[in-house]
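Chain by chain, the residues:
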Amino acid sequence: MRVVSGIQPTGNLHLGNYLGAIRQWVALQDSMAAGDECLFFLADLHALTVAIDPKELAGNTVEMAAVLIASGIDPDRSILFNQARVTAHSELAWILNGTARVGWLNRMTQWKDKAGKNREGASVGLFAYPVLQAADVLLYNATHVPVGEDQKQHLELARDIATKFNGDFGVDLFTLPLPLVSKAAPRIMSLRDGSAKMSKSDPSDASRINLIDGDDVIVQKLKKAKSDADVLPETVDGLAERPEARNLVTIYAALADQSAESVLGEFAGKGFGAFKPALADIAVATLGPIRDRMTALLEDRAAIGAVLENGASRARALAAPTLRAAQAAVGL
Ligand code: ADP
Ligand code: NA
């Protein structure tokens, strides 16, 4: 089993990113049997498909790597690198651009959503993004790719590209990767508005817990988090019309690695005066050590760069024979 997954390097990471994405990777790594391996990459090339600040991209990549390592990604067990340092991703993507059809890409719902009405003004990269994603996984003969609902179509496309390439050139080169459906990631909502996603782009800092926040800030933000005057119900159904209450229970459950039902089993009949301090305790206990490790790692950015370079070197060794075979298949 070889699992390949990428994440775009963004700054200002928050609790939603941790529970919804980063922790899923750690769980995946920790579920690997002996002989299996994970490749995790920071998708800095994908980041170029929308407006970026060149002054921020490199820093975001290093910070994201620090958060991943601080959260439990072990760069000895897993191969951790940034995409731009393994040029085979770009080289294979270009070869696969000869195989992918415009009609296939036109049908991608993410392209339609992200380009919106401004198709003419969107970057070519945004359109061709799923071809680079195909290269990202086919390059390593990934057997499994973790996919959320929104990425299923792109993985299907990667399989179509692999099948057409193998068929067109009469080779048995690319492995068709399978989707890896893990436990659904929780969706964390804003602390100020239970109907909005917790997001770095929310102008209110009180709406989110940043992974860089100090313990006292975490406690204050949770204390001030929007809730309601009712007690917690016996069952999850009782939270249906209470989005803020439901969000806080979801956060507790995710941090404690419990089901919402078992959290309610403990807190049913109690109000937020009792629940919020318990939530703050578990948030500080979980996030505090991650923040401290991250801060310590970021004191030596060159060392993080060296970890990424080591991962890139391992990735290059795995990628080289596949790229060479793909080149040979098309006559390069
Ligand atoms: P943001 O919404 O803050 O801009 P990104 O879009 O950069 O975050 O998301 C990076 C990763 O974190 C994605 O895998 C995304 O699904 C996950 N993520 C972001 N916000 C949340 C959230 N509020 N709850 C759960 N997962 C989230
Ligand atoms: Na976003």
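Residues numbered from 1 in each chain as written. Chains lettered and ligands numbered in written order. Predicted model: local features only at pLDDT ≥ 70, side-chain atom pairs only at ≥ 80, totals over all residues.

Observations regarding the overall build of the chain
Alright, step 1. Within the chain, the regular secondary structure consists of 13 helices and five strands.
Alright, step 2. Radius of gyration (C-alpha) of the chain: 22 Å, near the 20 Å computed for a compact globule of 332 residues.
Alright, step 3. Principal-axis analysis of the C-alpha atoms gives the chain an extent of 70 × 40 × 40 Å.
Alright, step 4. Looking at the 332 residues of the chain, the share that counts as buried comes to 37%.
Alright, step 5. In the chain, the share of contacts with a sequence separation of at least 24, taken over all contacts with a separation of at least 6, comes to 77%. (Helix = DSSP H or I, 4+ residues; strand = E, 2+ residues; numbered from the N terminus. Rg over C-alpha atoms; globule rule 2.2 N^0.38 Å. Buried ≥ 20, exposed ≤ 12 C-beta atoms within 10 Å, placed from the backbone. Contact = placed C-beta atoms within 7 Å.)

What to know about helix α4 (residues 88-97)
Count 3.6 residues to each turn of an α-helix, and residues three or four apart come out pointing the same way.
Alright, step 1. Regarding α4, the residues found buried are Ala88, His89, Leu92, Ala93 and Leu96. Around the axis of α4, the buried residues are gathered within 130° of arc, so they sit on the same side.
Alright, step 2. Summarising the contacts, the buried residues of α4 are in contact with α2 (44-47), α7 (124-138), α8 (152-168) and α13 (301-330). (Arc of directions from axis to C-beta.)

With respect to the site of ligand 1
Alright, step 1. Every one of the 14 residues lining ligand 1 counts as a neighbour, but Gly16, Gly20, Ala21, Ser199 and Lys200 are closest to it.
Alright, step 2. Looking at side-chain class alone, the shell around ligand 1 contains five nonpolar, six polar and three charged residues. (Near = placed C-beta within 6 Å. Nonpolar A, V, L, I, M, F, W, Y, C, P; charged D, E, K, R; others polar.)

Concerning the packing of helix α10 (residues 243-256) against helix α11 (residues 260-267)
The geometry of a pair of packed helices is captured by two quantities: the angle between their axes and the separation between those axes.
Alright, step 1. It is at 9 Å that the axes of α10 and α11 come closest, and there the two elements cross at 105°. The angle between α10 and α11 falls in the class roughly perpendicular. Contacts from Val249, Thr250, Tyr252, Ala253 and Ala256 of α10 reach α11 at Ala260, Val263 and Leu264.
Alright, step 2. A per-class count over the contact of α10 with α11 returns seven nonpolar, one polar and no charged. (Axes fitted to C-alpha atoms, helices over the stretch in contact; angles between N-to-C directions. Parallel < 35°, antiparallel > 145°, perpendicular 65-115°, else oblique.)

Here's the deal with the domain arrangement of the chain
Alright, step 1. Taken domain by domain, the chain comprises domain 1 (2-186 + 300-330) and domain 2 (205-297).
Alright, step 2. Contact with domain 1, which involves 14 residues of that partner, is made by 10 residues of domain 2.
Alright, step 3. When contributions to the side of domain 1 that touches domain 2 are tallied by element, the ones reaching two or more residues are α1 (15-30) and α3 (54-71).
Alright, step 4. No other element matches α3, which puts five residues into the side of domain 1 that touches domain 2.
Alright, step 5. Of the residues in the side of domain 1 that touches domain 2, the class split is 10 nonpolar, four polar and no charged. (Domains from an automatic or database assignment.)

Looking at the pairing of strand β1 (residues 2-7)
Alright, step 1. Burial analysis of β1 places five of its six residues in the buried class, the great majority of the element.
Alright, step 2. Taken together, the six bridges between β1 and strand β2 (residues 37-42) define a ladder with parallel strand orientation. Note that in β2 the partner of isoleucine 7 across the bridge is leucine 42.
Alright, step 3. For the segment spanning β1, α1 and β2, crossover handedness is right-handed. (Pairing = 2+ DSSP bridges. Right-handed = clockwise from strand over helix to strand, strands pointing away.)

Here's the deal with unusual backbone geometry
Alright, step 1. Phi at asparagine 12 takes a positive value of approximately 50°, unusual for a residue other than glycine.
Alright, step 2. As for its position among the elements, asparagine 12 is in the loop between β1 and α1.

Details of the environment of leucine 68
Alright, step 1. One can find leucine 68 in helix α3.
Alright, step 2. Taking the C-alpha atoms as reference, leucine 68 lies 9.7 Å from phenylalanine 40; in sequence the two are 28 residues apart.
Alright, step 3. Ignoring any residue separated from it by four or fewer positions in sequence, one finds leucine 68 in contact with Ile22, Trp25, Phe40, Ile73 and Leu80.

Concerning helix α9 (residues 215-224)
Alright, step 1. Those residues of α9 lying buried are Ile218, Lys221 and Leu222. In a view along the axis of α9, the buried residues occupy a sector of 95°, so they form one face of it. In α9, the exposed positions that point more than 90 degrees away from the buried face belong to Asp216 and Lys224.
Alright, step 2. On its buried face, α9 sits against α12 (272-298).

Section: the environment of glutamine 24
Alright, step 1. Within the fold, glutamine 24 resides in helix α1.
Alright, step 2. When the C-alpha positions of glutamine 24 and valine 147 are compared, they lie 11 Å apart, and in sequence the two are 123 residues distant.
Alright, step 3. Once residues within four sequence positions are removed from consideration, glutamine 24 is found in contact with Ser182 and Ala185.

A short note on the packing of α3 against α13
Alright, step 1. Running from N to C, α3 and α13 cross one another at 80°; their axes reach a closest spacing of 10 Å. With respect to each other, α3 and α13 are oriented roughly perpendicular. Packed against α3, whose contacting residues are Val62, Ala65 and Ala66, the element α13 presents Arg301, Ile304, Gly305, Val307 and Leu308 at the interface.

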